[in-house]
Amino acid sequence: MSGQHTLPGDIERTSLAIIAQELAERGVVLEPENEAVVRRVIHATADFDYAANLRFTPGAAARGAAALAAGCAIVTDTNMALAGVSKPALAKLGGAACCYMADPAVAAAAKAAGTTRAVAAMRRAAAEHPGAVFAVGNAPTALFALCDAMEAGDFRPALVVGVPVGFVNVVESKERLMDVCERLGVPAIAAMGRKGGSSVAAAICNALLYTAAGLLDPKARGWQG
């Protein structure tokens, strides 16, 4: 080890500087209101494709950060995404995060309805946390369930993050999400195409949490360096 860039804060700061430099070299200019989200996702994945495939409804990042600043809850579709959400930032804002995928009642509801656990989990979350930020990084069926709920009634989440990854119904679920959210005025952020995942969902949530809590600089989070 060279001894350079070994402290957490310095590593993160240097990584973000490299990202900014490479974006500039590629001629990519990010919209200021979306910059923190895009850079955080690239930081989590080392994949610059997200500079092009992340799509935002108008004001989505600002509205999501404002909701989190007001103590809004976060609902994820996987425990992996839940684990990646910054608990100190949530605590600073008075918020909470949850995932119902491992709940026995959700498994029973999915079996009874002949659907996936992701659908049953989203239906329960929509009933219990209708104004939450919903972060979907794995299951296209979760996005379809949220779209159905929005179109069927007055369910209006604070923000929907739609970044499931894979090959079956993934592209279609994101396209439907953006169509529904744009028509109904619901803020949404989606990674169009096949890419995404729980780490991307958590990265987007953290970018918004850090923005809301004034923690974008790692030093504000207590990191050395």
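Residues numbered from 1 in each chain as written. Predicted model: local features only at pLDDT ≥ 70, side-chain atom pairs only at ≥ 80, totals over all residues. Heavy atoms only, no water.

- Under an unreviewed UniProt entry, the name given to the chain is Precorrin-8X methylmutase, and the organism recorded is Candidatus Faecalibacterium intestinigallinarum.
- UniProt's Pathway (unreviewed entry) comment on the chain is quoted here verbatim: "Cofactor biosynthesis; adenosylcobalamin biosynthesis."
- The chain has a UniProt comment under Sequence similarities (unreviewed entry) that states "Belongs to the CobH/CbiC family." (UniProt positions renumbered as here; feature names shortened; annotations may be inferred.)

Side note on the side chain of Thr78
Turning to step 1, where the next piece is worked out: Here Thr78 is to be found in the loop between β2 (74-76) and α5 (79-84).
Turning to step 2, where the next piece is worked out: According to the relative accessible area criterion, Thr78 is buried, its value standing at 13%.
Turning to step 3, where the next piece is worked out: One polar contact links the side chain of Thr78 to the main-chain amide nitrogen of Ala81, over a distance of 3.0 Å.
Turning to step 4, where the next piece is worked out: If we skip the residues at most four places from it in the chain, Thr78 touches Cys99, Met101, Asn138 and Ser198. (Helix = DSSP H or I, 4+ residues; strand = E, 2+ residues; numbered from the N terminus. Buried < 20%, exposed > 50% of the residue type's maximum accessible area, 1.4 Å probe, protein only. Polar contact = N/O pair within 3.5 Å; in protein donor to acceptor, adjacent residues only side chain to side chain. Contact = heavy atoms within 4.5 Å.)

Quick notes on the packing of helix α1 (residues 8-25) against helix α2 (residues 35-45)
Turning to step 1, where the next piece is worked out: Where α1 contacts α2, the axes come no closer than 10 Å and their chain directions differ by 110°. The angle between the axes of α1 and α2 places the two elements in the roughly perpendicular class. Across the interface between the two elements, Glu12, Ser15, Leu16, Ile19, Ala20 and Leu23 of α1 pack against Arg39, Arg40, Ile42 and His43 of α2. (Axes fitted to C-alpha atoms, helices over the stretch in contact; angles between N-to-C directions. Parallel < 35°, antiparallel > 145°, perpendicular 65-115°, else oblique.)

Brief notes about unusual backbone geometry
Turning to step 1, where the next piece is worked out: Its identity as a non-glycine residue notwithstanding, Ala46 has a phi of 60°, on the positive side.
Turning to step 2, where the next piece is worked out: For Ala46, the location among the structural elements is in the loop between α2 and α3 (50-53).
Turning to step 3, where the next piece is worked out: Phi angles above zero are rare outside glycine, and Asn169 is one such case at about 65°.
Turning to step 4, where the next piece is worked out: Position of Asn169 among the secondary structure elements: in the loop between β5 (159-162) and α10 (170-184).
Turning to step 5, where the next piece is worked out: Owing to a relative accessible area of 39%, Asn169 belongs among the partly exposed residues under this scheme.

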